[in-house]
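Next come the chains, spelled out residue by residue.
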There are 2 protein chains.
Amino acid sequence: MTDSDDRAASQDTREAIMEATFRALRTHGYADLRMRDIGAEMDRTRQVIHYHFDGKYDLMSSFLEYIIEQYEGSVELDADADPRTELDARIDQCLFGPEFTEFTHWDRMKVYHELYTHAQNDGQHREIFDAHYDRIRASIVEVVEDGIEQGVFRDVDAERMGQLITDVIHAARGRRISLGHEDAPAEARTAIDEFILESLYAEPGG
Amino acid sequence: MTDSDDRAASQDTREAIMEATFRALRTHGYADLRMRDIGAEMDRTRQVIHYHFDGKYDLMSSFLEYIIEQYEGSVELDADADPRTELDARIDQCLFGPEFTEFTHWDRMKVYHELYTHAQNDGQHREIFDAHYDRIRASIVEVVEDGIEQGVFRDVDAERMGQLITDVIHAARGRRISLGHEDAPAEARTAIDEFILESLYAEPGG
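Residues numbered from 1 in each chain as written. Chains lettered and ligands numbered in written order. Predicted model: local features only at pLDDT ≥ 70, side-chain atom pairs only at ≥ 80, totals over all residues. Heavy atoms only, no water.

1. Remarks on the relation of the copies chain B and chain A
Relative to chain A, chain B is turned by 180° and slid 0.0 Å along the rotation axis, the superposed coordinates differing by an RMSD of 0.0 Å. The superposition operator between the copies reduces to a two-fold rotation axis. When you check the interface residues of chain B against chain A, 100% turn up at the interface there too, and the contact is symmetric in its surfaces. (Least-squares fit on C-alpha atoms with pLDDT ≥ 70 in both. Contact = heavy atoms within 4.5 Å.)

Given below as structure tokens:
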């Protein structure tokens, strides 16, 4: 095999392990998950897991990065869109998620939120989440700043506004997952519109 | 002993077990916690735990109710306060918590948020949280409704506004705990004021 064949094969194996991890997490949850449960979800020998990852912790860190990458890769932004449309699109993306063929947005978010809570005891996961949270917030702050610059939004503290919207999104997802409030994301979307964005939009000519 | 002595002794024992659970959780976390870890934190024989609780799960459900009760019992509300002052007090209470002699608000919230995330796999805990979340939201909705009735707040959907504020509080606490953002509650407080409450207050004479 050439080097690039090697890399591709290795990439395939990693992906197969990641998808097996998803299936195993869905059955066992994070706290009770063992390496052998992931092995049981794979077609190949589970030695490949040990070849690629140095234990459960190493694997879970990679898995977390894997989920996050899928989200960041999936945001399609339109450079020409006006700030209001753009802001709506970014909020919807975070609240309702992109479509996936296997494991829905909510399957993924369940794992994400479970690991998020565990991050309180875990410096490495905390860093990964912190960086991701930062990028999510920054992507909202960016559009708010654009809108202010173009005069379509009021002159507010864009960082604070971005943080507030990010917090509402996170809480609504968590509520749907932990409490089973199926309509939490849609309700949050309406509340963001009525109570936060309504006052962000500058009066015409104001 | 009389019946009421009996009840008091039993109440003391329960409280001792609950406080031992706190100490054990702080050391071991929820996922790795064993009954014997709680026993190790107590002066008495750990048989009393088994006498009072039917396993770890039963104990954790009682523990969750114990934390929640402390919060609900601690809210002192002033019947004569105007709706703005009252709303501020309720939001501060949820964001910054009451003072405790042993284990701070944040020690308690760490456990609360960890159990909240686990509730996704746990019908009984989910019910307890759901009821608590409902009461928190209702306590905010109530003041918003008062304010609307008295004409000091705009006529908004009070349920939706209460939910939004509750979500922001929850997310800010979670961010402080999981990501170590120490200033998240204070920042959320400012954002609620500037971006949510500002537009809630009715124009004088409006």
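2. Examining the UniProt feature "DNA-binding region" (unreviewed entry) in chain A
Taking the UniProt record as the reference, the feature "DNA-binding region" (unreviewed entry) is found at residues 34-53 of chain A. This span, residues 34-53 of chain A, is 60% helix and 0% strand, and a straight line between its end C-alpha atoms measures 13 Å. (UniProt positions renumbered as here; feature names shortened; annotations may be inferred. Helix = DSSP H or I, 4+ residues; strand = E, 2+ residues; numbered from the N terminus.)

3. Overview of the interface of chain B and chain A
Chain B puts 39 residues into the contact, and the matching count from chain A is 39 residues. The junction of chain B with chain A conceals about 3700 Å² of combined surface from both sides, 56% of it contributed by carbon and sulfur atoms. Ionic pairing is found between Arg160 of chain B and Glu194 of chain A, a salt bridge with its closest N-O pair at 2.9 Å. Counting the contacts that link chain B with chain A gives 14 residue pairs in polar contact (both at pLDDT 80 or more). Elements supplying a minimum of two residues to the side of chain B that touches chain A: α6 (105-118), α7 (123-149), α8 (158-179) and α9 (184-197) of chain B. Sorting elements by how many residues they give to the side of chain B that touches chain A places α8 of chain B first, with 13 residues. When grouped by side-chain class, the residues that make up the side of chain B that touches chain A number 16 nonpolar, twelve polar and eleven charged. (Buried area = accessible area lost by both parts, 1.4 Å probe. Salt bridge = Lys/Arg side-chain N within 4 Å of Asp/Glu carboxyl O. Polar contact = N/O pair within 3.5 Å; in protein donor to acceptor, adjacent residues only side chain to side chain. Nonpolar A, V, L, I, M, F, W, Y, C, P; charged D, E, K, R; others polar.)

4. Side note on the packing of aromatic side chains
Residue and element names in this part refer to chain A. Under the counting rule described, the total for this entry stands at twelve aromatic pairs over all chains. On the numbers, 6.5 Å between centres and 25° between planes, the contact of Tyr116 with Tyr133 is stacked. Separated by 17 residues along the polypeptide, Tyr116 in helix α6 (residues 105-118) and Tyr133 in helix α7 (residues 123-149) bring together distant segments of the chain. Of the residues examined, Tyr133 reaches a relative accessible area of 4% and is grouped as buried. Three or more aromatic residues joined by ring pairs form one cluster here, namely Tyr112, Tyr116, Phe129 and Tyr133. Positioned above the aromatic ring of Tyr201, the side-chain terminus of Arg84 is 3.4 Å from the ring centre. (Phe/Tyr/Trp six-rings, centres within 6.5 Å; stacked < 30°, edge-to-face > 60°. Buried < 20%, exposed > 50% of the residue type's maximum accessible area, 1.4 Å probe, protein only. Lys NZ or Arg CZ within 6 Å of the ring centre and 35° of its normal.)

5. Some thoughts on empty space enclosed by the protein
One pass over the full model with this rule turns up three cavities of 30 Å³ or more. Lining the largest cavity are 15 residues, and of these Tyr116 and His170 of chain A together with His113, Tyr116 and His170 of chain B sit closest to its centre. In terms of residue count, α8 of chain B provides more of the lining of the largest cavity than any other element does, five residues in total. In the lining of the largest cavity, the residues fall into five nonpolar, ten polar and no charged. (1 Å grid on protein atoms, 1.4 Å probe; cavity = no way out; pocket = protein on both sides within 12 Å on 5 of 7 lines; lining within 4 Å. Points joined across faces, edges and corners; volume = space filled by probe spheres on them.)

6. Looking at the packing of α8 of chain B against α9 of chain B
All names here are of chain B. With their axes 9 Å apart at the nearest point, α8 and α9 run at an angle of 155° to one another. Put simply, α8 runs roughly antiparallel to α9. Judged by the twist between their axes, the crossing of α8 over α9 is right-handed. In this structure, α8 contributes Met161, Leu164, Ile165, Val168, Ile169, Ala172, Arg175 and Arg176 to the contact, and α9 contributes Ala184, Pro185, Ala188, Ile192, Ile196 and Leu197. In terms of residue class, the contact of α8 with α9 is made up of twelve nonpolar, no polar and two charged. (Axes fitted to C-alpha atoms, helices over the stretch in contact; angles between N-to-C directions. Parallel < 35°, antiparallel > 145°, perpendicular 65-115°, else oblique. Left-handed = near helix turned anticlockwise from the far one by under 90°.)

7. Some words on the nonpolar core
By size, the foremost hydrophobic cluster in this structure holds 52 residues, and its most contacted members are Ile196 of chain A together with Ile196 of chain B. Of all the secondary-structure elements, those providing two or more residues to this core are α5 (83-96), α7, α8 (158-179) and α9 (184-197) of chain A together with α5 (83-96), α7, α8 and α9 of chain B. With residues up to four places along the chain from it excluded, the contact list for Ile196 of chain B reads Leu164, Phe195 and Ile196 of chain A together with Met161, Leu164, Ile165, Val168 and Ala191 of chain B. Core analysis: the next-biggest nonpolar cluster, separate from the first, contains 35 residues, Met18, Ile49, Ile68 and Ala119 of chain B among them. (Core = buried A, V, L, I, M, F, W, Y, C linked by side-chain atoms within 4.5 Å.)

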